[in-house]
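Observations on chain architecture
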Amino acid sequence: KNQVEQSPQSLIILEGKNCTLQCNYTVSPFSNLRWYKQDTGRGPVSLTIMTFSENTKSNGRYTATLDADTKQSSLHITASQLSDSASYICVVTGFQKLVFGTGTRLLVSP
Amino acid sequence: EAGVAQSPRYKIIEKRQSVAFWCNPISGHATLYWYQQILGQGPKLLIQFQNNGVVDDSQLPKDRFSAERLKGVDSTLKIQPAKLEDSAVYLCASSSRRPRADTQYFGPGTRLTVL
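Overview of the structure. For clarity, every value in this text was computed on a predicted model and none was experimentally measured.

**Some details on the nonpolar core**
Of all hydrophobic cores here, the largest spans 25 residues; its most connected members are V4, Y25, L33, W35, L75, Y88 and V92 of chain A. Residue contacts for V4 of chain A: discarding those within four places in its chain leaves C23, N24, Y25, V27, C90, V92, V99, F100 and G101 of chain A. By size, the runner-up hydrophobic cluster in this structure holds 21 residues, among which are V4, C23, W34 and F49 of chain B.

If you want it as structure tokens, here you go:
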């Protein structure tokens with residue numbers, strides 16, 4: 001069964017600290033993996049996209065990694081800001097289908 | 001470039017009433033998606049259009065949900081009659097390339113509350 005699992009479910013960190021979000025998937029065949037950021041009351045916005053041959057991708061303070069062998073991905077946020085408070089959703093594309101994780105809700109506290 | 005537009009942003013109705021949502025995708029995007037996102041969960045695909053044809057509606061509750069995309073541009077999603085469990089955010093997204101799923105651009109969503 002195609003599934004995407006994310007951990008932790010929620011996370012609270014202090015402003016300026018780093019954090020890492022995890023994504024494990026069982027989607028097959030694998031096409032690509034995206035991380036989306038979803039602010040409260042808004043639609044998801046794409047942060048990074050990685051294909052099978054890519055193992056790291058950065059977008060500013062966001063760095064995503066992919067291990068296609070173990071089917072794991074992580075999203076590392078450096079020097080967190082209050083505006084990073086949001087849900088982060090891992091999405092894996094299989095055969096023309098997107099499988100969404102349930103997301104990690106991040107709260108950055110001042 | 002203008003993003004995906006949705007309206008209304010919020011809607012409150014009583015159960016058994018009807019409701020309709022509207023979506024205007026990014027200009028030129030052939031593929032349009034409707035998702036249902038229940039609080040605390042990831043989005044669930046309801047229906048996918050390629051131009052004005054349906055590609056995937058396997059998870060659309062067809063006894064109460066319907067969607068159309070006339071002329072391959074704007075789309076409407078209707079619920080008739082609504083149930084309490086339909087309370088969710090309804091997201092519309094569009095993308096520009098097929099057959100492979102390209103990056104989807106999401107609208108702000110319509111938050112539906114069924115009382």
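Moving on from the model shown.
**Some thoughts on the sheet that holds strand β3 (residues 19-25) of chain A**
Residues and elements named next belong to chain A. Overall, antiparallel pairing links the five strands, which are arranged β1-β3-β8-β7-β6 in an open sheet. The outermost strands of the open sheet, each flanked by one partner alone, are β1 (4-7) and β6 (56-59). Each strand of the sheet is rotated relative to its neighbour by a mean of 15 degrees, with strand direction disregarded. Of the strand pairs in this sheet, β6 and strand β7 (residues 62-67) are connected by four bridges, and their pairing is antiparallel. Each residue of the ladder has a partner; that of T56, found in β7, is T65.

**Quick look at the sheet that holds strand β1 (residues 5-7) of chain B**
Residue and element names in this part refer to chain B. The four strands lie next to each other as β1-β3-β8-β7, forming an open sheet whose pairing is antiparallel. Each having just a single partner strand, β1 and β7 (65-68) make up the two edges of the open sheet. When strand polarity is set aside, the average angle formed by the axes of neighbouring strands in this sheet is 15 degrees. Here strand β3 (residues 19-24) runs beside strand β8 (residues 75-79); their pairing, made up of five bridges, is antiparallel. If you follow C23 over to β8, its bridge partner there is S75.

**Quick look at the side chain of T48 of chain A**
All names here are of chain A. With respect to the helices, strands and loops of the structure, T48 is situated in strand β5 (residues 45-51). T48 sits in the buried class, given a relative accessible area of 3%. Those residues in contact with T48 that lie beyond four places of it in its chain are L33, R34, W35, K57, N59 and A64.

**A look at the pattern of salt bridges**
All names here are of chain B. What the rule picks out here adds up to five salt bridges over all chains. One salt bridge in this structure joins D57 and K62, with 3.7 Å as the shortest N-O distance. When its relative accessible area of 26% is taken as the criterion, D57 is described as partly exposed. Residue R64 pairs with D86 through a salt bridge whose shortest N-O separation is 2.5 Å. Here the residue R64 occupies a position in the loop between β6 (53-56) and β7, and D86 occupies one in the loop between β8 and β9 (88-95), the gap between them amounting to 22 residues. Across the pair, D86 and R64 agree in class, each one buried.

**Details of the state of the cysteines**
Two cysteines form a disulfide when their sulfur atoms are joined by a covalent bond. Going through the model one piece at a time under the given rule, you end up with two disulfides over all chains. Two residues, C23 of chain A and C90 of chain A, share a disulfide whose sulfurs are 2.1 Å apart. Torsion about the S-S bond of the C23 of chain A and C90 of chain A cystine: about -65 degrees, corresponding to left-handed handedness. Highlighted residues: C23 of chain A in strand β3 and C90 of chain A in strand β9 (residues 86-93), separated in sequence by 67 residues. The same class applies to C23 of chain A as to C90 of chain A, namely buried. The disulfide bridge from C23 of chain B ends at C92 of chain B, spanning 1.9 Å between sulfur atoms.

Rules of the game
- Residues numbered from 1 in each chain as written.
- Chains lettered and ligands numbered in written order.
- Predicted model: local features only at pLDDT ≥ 70, side-chain atom pairs only at ≥ 80, totals over all residues.
- Heavy atoms only, no water.
- Core = buried A, V, L, I, M, F, W, Y, C linked by side-chain atoms within 4.5 Å.
- Buried < 20%, exposed > 50% of the residue type's maximum accessible area, 1.4 Å probe, protein only.
- Contact = heavy atoms within 4.5 Å.
- Pairing = 2+ DSSP bridges.
- Helix = DSSP H or I, 4+ residues; strand = E, 2+ residues; numbered from the N terminus.
- Axes fitted to C-alpha atoms, helices over the stretch in contact; angles between N-to-C directions.
- Salt bridge = Lys/Arg side-chain N within 4 Å of Asp/Glu carboxyl O.
- Disulfide = S-S within 2.5 Å.

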